[in-house]
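Observations on the three-dimensional arrangement
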Amino acid sequence: KGGVGKSTVAANLVASLALEGAAVGLLDADIYGPSQSKMYGVEGRRLLADDDKNILPLRNHGVKVISIANLVEDGQALTWRGPILHGTLTQLLKQTVWGDLDVLLVDLPPGTGDVQLSLAQLVTVTGMVLVTTPQEVALADVRRAYTMARKTHVPLLGVVENMSYYPLPGGERDYLFGEGGADRWAAEVGLGVLAHVPITRALRESGDAGVPLVVSDPGEEAALELRRAARRLLRRVADEAMSTLPMA
Ligand code: ADP
């Protein structure tokens, strides 16, 4: 669902993976609200091509990043339908000089649209992470995304519950949006919860400032949880990748 913090979580997971020493790329394919160029401080930068007309990704905080927002004017991608979307995604995936990456993370638009379908057709997706907040309205959307992933045979790597609680002084937690929503649903469908990320002012400010919180303040409460999530995710990615290798 839009606004649940998908981009914030994606930006910090990718930056955490880079801190762990992985070679990582971030492709922002959220046509409705591409925000990674802002979150990575590369807003307004034009993309350049090499001599063979391949796109050179931008770089910041140890991550190669391209956002739809670096490609077209604000709002233009909203009008794109199937074939144009598919063509653009093909170009961004296959004609970009990503180099030798361990992980390419794609920030998807909310829901279950053409971008998700195209991606599943274009590349072998190792897995999808679902981001939700604890409330029922957000969980309803994430259920649909789950069903689509199953139908398109995209493995599910886990759930991130964002805005899980607000940390109070003295270590108390205020569960603003209810407690345990994502856990109950994840258990129902047999998925693991990768993280419970609190609501913090620092996490909001870092997004606006163009530096992922795990880089600017790695010891902050939300940052610590996002870094743990990245390590869990890396193990899940490795398990998934290994399971698709032919047996010796
Ligand atoms: P989405 O990509 O799902 O639309 P964003 O990542 O853009 O959502 O987040 C929406 C807004 O909420 C942004 O201003 C972001 O900084 C803020 N935000 C997201 N997660 C948190 C959090 N855990 N704590 C504080 N602010 C958050």
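Up top is the structure these notes are about.
This write-up is about the structure you can find in this document. Values in this document were obtained by computation on a predicted structure and should not be read as measured data.

Some thoughts on the overall build of the chain
Secondary structure assignment for the chain yields 9 helices and 11 strands. A principal-axis box enclosing the C-alpha atoms of the chain has dimensions of 60 × 45 × 40 Å. Across the 248 residues that make up the chain, the buried fraction comes to 46%. For the chain, the exposed area adds up to about 12300 Å²; of that, 52% sits on carbon and sulfur atoms. Distance between charge centroids for the chain: 2 Å, based on 24 positive and 29 negative side chains.

Let's talk about the pairing of strand β7 (residues 128-132)
A large share of β7 lies buried, amounting to 4 of its 5 residues. As judged from the 5 bridges shared by β7 and strand β8 (residues 156-162), these two strands associate in the parallel manner. Looking at β8, one finds that Met-128 is bridged to Leu-156. Remark: the β7/helix α5 (residues 136-151)/β8 crossover connection has right-handed handedness.

Thoughts on the site of the ligand
Inspection of the region around the ligand gives 16 residues, with Gly-3, Lys-6, Ser-7, Thr-8 and Pro-198 positioned closest. Take Gly-5: an N or O atom from its main chain is 3.0 Å from an oxygen atom of the ligand. One of the side-chain nitrogen or oxygen atoms of Thr-8 is found 2.6 Å away from an oxygen atom of the ligand. Compared with its free state, where it exposes 560 Å², the ligand has 81% of that area covered by protein. At the level of secondary structure, the elements contributing two or more residues to the shell around the ligand comprise α1 (6-19) and α7 (201-209). Per-element tally for the shell around the ligand: the top contributor is α1, with 3 residues. Among the residues forming the shell around the ligand, the class breakdown is 6 nonpolar, 7 polar and 3 charged.

A word on helix α9 (residues 221-243)
In this model α9 runs 33 Å from its N-terminal to its C-terminal C-alpha over 23 residues, within 8% of the 33 Å that 1.5 Å per residue would give. Within α9, burial applies to Ala-222, Ala-223, Glu-225, Leu-226, Ala-229, Ala-230, Leu-233, Val-237 and Glu-240. On the buried face of α9, the contacting elements are α1, β7, β8, β11 (193-197), α7 and α8 (213-216). The opening residue of α9, the one whose side-chain oxygen lies 2.7 Å from the backbone nitrogen of Ala-222, is Glu-220.

About the thresholds
Residues numbered from 1 in each chain as written. Predicted model: local features only at pLDDT ≥ 70, side-chain atom pairs only at ≥ 80, totals over all residues. Heavy atoms only, no water. Helix = DSSP H or I, 4+ residues; strand = E, 2+ residues; numbered from the N terminus. Buried < 20%, exposed > 50% of the residue type's maximum accessible area, 1.4 Å probe, protein only. Areas by Shrake-Rupley, 256 points an atom, 1.4 Å probe, with all protein chains shown as cover. Lys, Arg positive; Asp, Glu negative; His and termini not counted. Charge placed at Lys NZ, Arg CZ, Asp CG, Glu CD. Pairing = 2+ DSSP bridges. Right-handed = clockwise from strand over helix to strand, strands pointing away. Near = heavy atom within 4 Å. Polar contact = N/O pair within 3.5 Å; in protein donor to acceptor, adjacent residues only side chain to side chain. Nonpolar A, V, L, I, M, F, W, Y, C, P; charged D, E, K, R; others polar. Expected span 1.5 Å × (residues − 1). Contact = heavy atoms within 4.5 Å.

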